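Fold and geometry: a report
Take a look at the letters that make up each chain.
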Amino acid sequence: MRVLDRKRYSYVLLARDGKWILTFLLGGPVERDVSVRLTPVEVTAIEAGDLSAEDLVEKFSADLSATEDRQITPTVWPAKDAESGS
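What this report covers is the structure whose coordinates are included nearby. (Residues numbered from 1 in each chain as written. Predicted model: local features only at pLDDT ≥ 70, side-chain atom pairs only at ≥ 80, totals over all residues. Heavy atoms only, no water.)

Regarding the packing of aromatic side chains
Counted according to the given criterion, the structure contains one aromatic pair. Consider the rings of F24 and F60, whose centres lie 6.3 Å apart with planes at 35°: the pair is tilted. Of this pair, F24 sits in strand β3 (residues 19-26) while F60 sits in helix α2 (residues 53-62), and the two are 36 residues apart along the sequence. (Phe/Tyr/Trp six-rings, centres within 6.5 Å; stacked < 30°, edge-to-face > 60°. Helix = DSSP H or I, 4+ residues; strand = E, 2+ residues; numbered from the N terminus.)

As for the nonpolar core
Residues L13, W20, L22, F24, L38 and F60 are the most contacted members of the largest nonpolar core, which totals 17 residues. Those elements that provide at least two residues to this core are β2 (11-16), β3, β4 (32-37), α1 (40-48) and α2. Discounting residues that sit within four places of it in the chain, L22 has contacts with Y11, V12, L13, V34, S35, V36, L38, A53, L56, V57 and F60. Ranked by size, the runner-up nonpolar core spans six residues in total, among them V3, V12, L14 and I72. (Core = buried A, V, L, I, M, F, W, Y, C linked by side-chain atoms within 4.5 Å. Buried < 20%, exposed > 50% of the residue type's maximum accessible area, 1.4 Å probe, protein only. Contact = heavy atoms within 4.5 Å.)

Let's talk about the pattern of salt bridges
As enumerated under the stated definition, the model contains two salt bridges in all. Here E54 makes a salt bridge to K7, at a shortest N to O gap of 3.0 Å. Here E54, found in helix α2, pairs with K7, found in strand β1 (residues 2-7); they are 47 residues apart in sequence, far enough to count as distant. In this structure, E42 engages R70 in a salt bridge whose closest nitrogen and oxygen atoms are separated by 2.7 Å. Of this pair, E42 sits in helix α1 while R70 sits in the loop between α2 and β5 (71-72), and the two are 28 residues apart along the sequence. The same class applies to E42 and to R70, which are both buried. (Salt bridge = Lys/Arg side-chain N within 4 Å of Asp/Glu carboxyl O.)

Taken by themselves, the reported measurements are silent on function.
Written out as structure tokens, the structure reads:
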């Protein structure tokens, strides 16, 4: 697992087994974390600089139901050694 991008206390973008996963905190009455597997279109847009992980967090937070079929349970967070290595 490799950390591609992160914003402390907000989100982490990971690469695992050829898939990109965005894990982020979702606020509200009860704060929880959500992991979403990115589509090839989203990955390409991030690589091209047309989209950022932060843009996706905003989009997904606004309509979480749109990602239901791509959500990963339990959520995915990097191991401590992966965090310190990036």
